[in-house]
Structures are given as structure tokens and as C-alpha cells.
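Residues per chain, in single letters:
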Amino acid sequence: MEVISACLALAAMVAVFAPRVPVAVAAGAAGAVSLAITAAQPLLGRQSEATVWMMVETVPLLVLVLLAARGAPGRRAAVVTALPGLAVALILVRVLWPGELLLMAGACAAWSLPAIAAAGAGLYLRSLDGARRRAVAEARRAQRLALAGDLHDYVAHDVGGMLVQAQAARLVAGPVPPAVAEALRRIEEAGQRALASLDRTVEMLHDRQDALGSDHRLPGVEGLESLVEGFSPAADLTVTPGLDLSRETSATVYRVVTEALTNVRRHAVQATRVEVAVTREGRNVRVRITDDGGGHSEASRRGGFGLAGLAERAEILGGSLEAGPIGDGWHVTALLPAEAA
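Conventions we followed
Residues take numbers from 1 onward in each chain, read along the sequence in its written order. In keeping with the predicted nature of the model, local features appear solely for residues at pLDDT of at least 70, side-chain atom pairs appear and are counted solely at 80 or more, and the whole-chain, interface and lining totals rest on all residues. As a convention, hydrogens and water are excluded, and side-chain values are obtained from all of the structure's heavy atoms. UniProt positions are given in the numbering used here, feature names are shortened, and annotations may be inferred rather than shown by experiment. One bridge is not enough; two strands pair if DSSP finds at least two bridges between them. Helix and strand assignments come from DSSP, with helices taken as H or I runs of at least 4 residues and strands as E runs of at least 2, each series counted from the N terminus. By the criterion used throughout, a crossover qualifies as right-handed when its path from the first strand across the helix to the second strand runs clockwise, the strands pointing away from the viewer. The contact criterion used is simple: two residues touch if any of their non-hydrogen atoms lie within 4.5 Å. For a helix, the expected span equals 1.5 Å multiplied by the number of residues minus one. Note on exposure labels: buried denotes an accessible area under 20% of the residue type's maximum, exposed denotes more than 50%, and partly exposed covers the range between, all computed with a 1.4 Å probe on protein chains only. Comment: axis = line fitted to C-alpha atoms, over the contacting stretch for helices; angle = value between 0 and 180 degrees taken between N-to-C directions.

As named in an unreviewed UniProt entry, the chain is histidine kinase, taken from Planobispora siamensis. Here the chain is described in UniProt, under the heading Catalytic activity (unreviewed entry), as follows: "ATP + protein L-histidine = ADP + protein N-phospho-L-histidine."

Written out as C-alpha cells, the structure is:
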């Protein structure tokens, strides 16, 4: 029976790493089977010997405890973590039964310490995963707020221009046909209502953005030179001459370069060379930032929280963003449409 229980525990541990097997199912099933076999020993009047199969069973059960504590969903996490943990703690009953109750209780309590340690490690990793998810969500939210602020500014500018044209048309010399005058009046009133609606809608977003401590009114490609000039280590900037980008894309290019340089300063302090290239490729613009600081931290290797938000912003504009190791350093590359969709 120990062989069967050990094989089932090993199979459950392996199954957890399959993409379609939930960790809660595997951990709960392995723990329940192990507990059932432990309970069957005294009921059947059998006493097992301490064999290698008990150790083979204990190791995957401990792994399942850690994985369940880390990844099991919601309220089920406590149950599916407790089942394999309790199975580990009580596995010595197979050897000690029948025997003194205090001896068995002390042995099981001592044997439960590895399970408690595995559960603690899993909960710690669970808290790190949760903190990362919240940080990524906050970065994406900040980018959405910035994009909404930019949209407000761009649309308000264009609608304001339409209003000026409509007002100027009503004041031209000479008679204006009544139908045209009425249409111009309606255009002017609709434009004013649109601007008022924009202001009301984005006002709360502006307040939220201020609470985040950042200003969404960032410059575009024209501000890259001053941004790169003050960077240490020295950064080389290459921009395609006469680059004509939409305002949304230009602001995103500036944000990508800012975030990439910030990550170099945080995670690759040993870098000696940084290159920033903004080049036109057909109907797109490619932004590429590379460095030779190979010691990027794990947070940077996962893409960084700010880059996660910028990747979503790039997708909204119809482009893409990726980051990863290259040679002896790191790269951040964004491909954006020159004209916003």
C-alpha cells in the first residue's frame, strides 16, 4: 500500500506541472489518498516498516503543500493545503501504530514541521505574486490614465479648432444663407457641449493622476535630446531626420525611452553604454533602447511594472513592446504606428 500511495503522490506532483491540471485538484487528491491509506493501517490491524517508499511519498506531498499554498484559488486554498500537510504529519502512524499515544503525538507533531515550513514558503510566494499583480495592474491603470489625459488634450485641441472655424465662418462679410448660419450655430453649440463633456469626464482622471504623483503632459520625440543629455552613463541618441509622428505615438515614444532609461539606472548600474534609436520603418516607428549592463535584476527581467503598462498602451495604439536580454545586456523595443489608428 505504501508503494501505491507513494506512486500516487509522485503522479499528483508531476500532474501539477501539466497546463490543464489545477493544483487544488492534484494536492487535494494526493492528500486524501495518503490519509486514507494511513487510516486503513490500524483498521486492518497492520503495521508498516519505515521504508524508502514513505520518504518517496513525503517529498512530493511537501511539494504539493507549497504549490497549493501558493497557487490554489480562494477559500479552497486552506483545505487543499491542509490535506497533504496533514498526510505528511500523520504518515508516521503507519509505523508507530499500535503504540503509546504520547509518543505518536510527539512524533507526528515533529514530522509536521516540514509541512508547516512548506506552507509558510508557499504563502510567502503567494504574497509576492499578489504584490506583483497589484503593481502591474497599478502600472497599467496609470498608463490608461495618462492615455485618457492625452486623449482629452488632443481631442479638445481639435474640437477647439473646429469651433474657431465655425465662429469665423459666421462672421464672414456678406450675407450668409439662413440654413448655413443655422448649421454653423449648431456646430458651435455641439462643439461647446463636447468640450464641456470632455472636461467633466476627465476631471476625475486628472485628480487620480495627480494622486499618483505624475504628470501626463509629457513631451514627445522633440524632448528626447534633453532627456538623453542628462543621463549617466552617456547615452547615444539616433532619430530619423524629419520624423513625423502623431501626437499619441510621439508621447508614447517619449514614455518608452523614459521607462527604459529608468530601468537601466535601477537595475544595470554597471552599464557603460546605452543606445537609443528611434527609426522610421514604413508606416511604423521603431524605438529601441539597449545597454551592456548584463546584471539586470529579476524585476527587470520580467519586464518591469512600468513596461507592463506601456505594453498595453502600445497595443491600444496598434503596436507592440517587448523587453529581454540581448548579448551582454538588455533591450527594450517598441514598434508603433507612425499615425495613430
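A. Fine view of the pairing of strand β2 (residues 274-281). Summarising the sheet, strand β1 (residues 235-239) and β2 pair through 5 bridges and their orientation is parallel. For Thr238, the partnering residue across the bridge sits in β2 and is Ala277. For the segment spanning β1, helix α9 (residues 247-267) and β2, crossover handedness is left-handed. In the sheet, β2 pairs with strand β3 (residues 284-291) via 8 bridges, with the strands oriented antiparallel.

B. Spatial organisation of the side chain of Glu312. Tracing the backbone through its elements, the reader meets Glu312 in helix α11 (residues 305-317). Excluding residues within four positions of it along the chain, Glu312 makes contact with Arg140 and Arg144.

C. Here's a closer look at α9. Its 21 residues place the ends of α9 30 Å apart at the C-alpha level, agreeing with the 30 Å of an ideal helix rising 1.5 Å per residue. Where burial is concerned, most of α9 is hidden: 15 out of the 21 residues are buried.

D. Quick look at the environment of Ala314. Mapping Ala314 onto the fold places it in helix α11. Given a relative accessible area of 1%, Ala314 falls into the buried group. In the structure, Ala314 is positioned 58 residues away from Val256 in sequence and 9.5 Å away in space, judged by C-alpha atoms. The contact partners of Ala314, leaving out residues within four places of it in the chain, are Gly319, Ser320, Leu321 and Leu336.

E. Quick look at the UniProt feature "transmembrane region" (unreviewed entry) in the chain. Here, UniProt's "transmembrane region" (unreviewed entry) annotation points to residues 50-69, 76-97 and 103-125. Annotation note: span residues 103-125, helix share 100%, strand share 0%, distance between end C-alpha atoms 34 Å.

F. Spotlight on the sheet that holds strand β5 (residues 329-337). Taking strand neighbours across the sheet as the criterion, the 5 strands line up as β1-β2-β3-β5-β4 in an open arrangement whose pairing is mixed. Strands at the two margins of the open sheet, each flanked by one partner only, are β1 and β4 (320-326). Averaged over all neighbouring strand pairs, the angle between strand axes comes to 10°, with direction disregarded. Against the sheet, α9 touches β2, β3, β4 and β5, its axis set at about 10° to β3.

G. Looking closely at the pairing of β5. With 8 of its 9 residues buried, β5 lies for the most part within the structure. For β3 and β5, the ladder comprises 8 bridges, and the chain directions are antiparallel. Residue pairing across strands places Val287 opposite Ala334, the latter belonging to β5. Summarising the sheet, β4 and β5 pair through 7 bridges and their orientation is antiparallel. Bridging from a neighbouring strand, Gly324 pairs with His331 of β5. The turn linking β4 back onto β5 is made up of 2 residues, and Gly327 within it adopts a positive phi angle of 60°.

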